[in-house]
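Observations on chain architecture
These are the residues of each chain, in order.
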Amino acid sequence: MDNLSAKSIHFTVPVWGEEYVLDFLAYSLPCQLALGNLPTLAKSGFSLKYHVITNEAGQKQIKNDPTYFALTSQVTVIFHSLEKLNNAVKTKRNQWLRYPDQHWLKYAIKMQ
């Protein structure tokens, strides 16, 4: 095995809420699946891991979309439960209150 094939790339996508998941599926994911992006990396010998942080509804929404099947043909998709991460960072909530938009959880999860 050469050095290149031993390397892996991990992508992390935090997306939840019906509108955000719809935007992700309509715009972001198709761009990532365009030639020169994930398909090129998939052919380059890297091991690709695609981590999706979402809630149960978001996971169902993503898995029922045709772009999900295109994604799974390029990368290994791993879903992470938003609820479990939420519980893991609750005790650290006070450090995230400094964000003015009051959406401290998304920042905490990204940093976790």
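Residues numbered from 1 in each chain as written. Predicted model: local features only at pLDDT ≥ 70, side-chain atom pairs only at ≥ 80, totals over all residues. Heavy atoms only, no water.

Phe24, Tyr50, Ile62, Leu71 and Val77 are the most contacted members of the largest nonpolar core, which totals 17 residues. Looking at this core, the elements with two or more residues in it are helix 1 (18–32), strand 2 (47–54), helix 4 (66–72) and strand 3 (76–81). The dominant element in this core, judged by the number of residues it contributes, is helix 1, at four residues. If we ignore the near neighbours within four places in the chain, the residues touching Tyr50 are Phe11, Val13, Phe24, Leu29, Gln32, Leu38, Leu71, Val75, Thr76, Val77 and Ile78. (Core = buried A, V, L, I, M, F, W, Y, C linked by side-chain atoms within 4.5 Å. Buried < 20%, exposed > 50% of the residue type's maximum accessible area, 1.4 Å probe, protein only. Helix = DSSP H or I, 4+ residues; strand = E, 2+ residues; numbered from the N terminus. Contact = heavy atoms within 4.5 Å.)

Another point: the side chain of Asp65. Its location among the elements puts Asp65 in the loop between helix 3 (56–63) and helix 4. At 14 Å, Lys63 is the nearest oppositely charged side chain to Asp65, a buried residue that forms no salt bridge. (Lys, Arg positive; Asp, Glu negative; His and termini not counted. Salt bridge = Lys/Arg side-chain N within 4 Å of Asp/Glu carboxyl O.)

Spatial relationships are all this shows, so hold off on functional conclusions.
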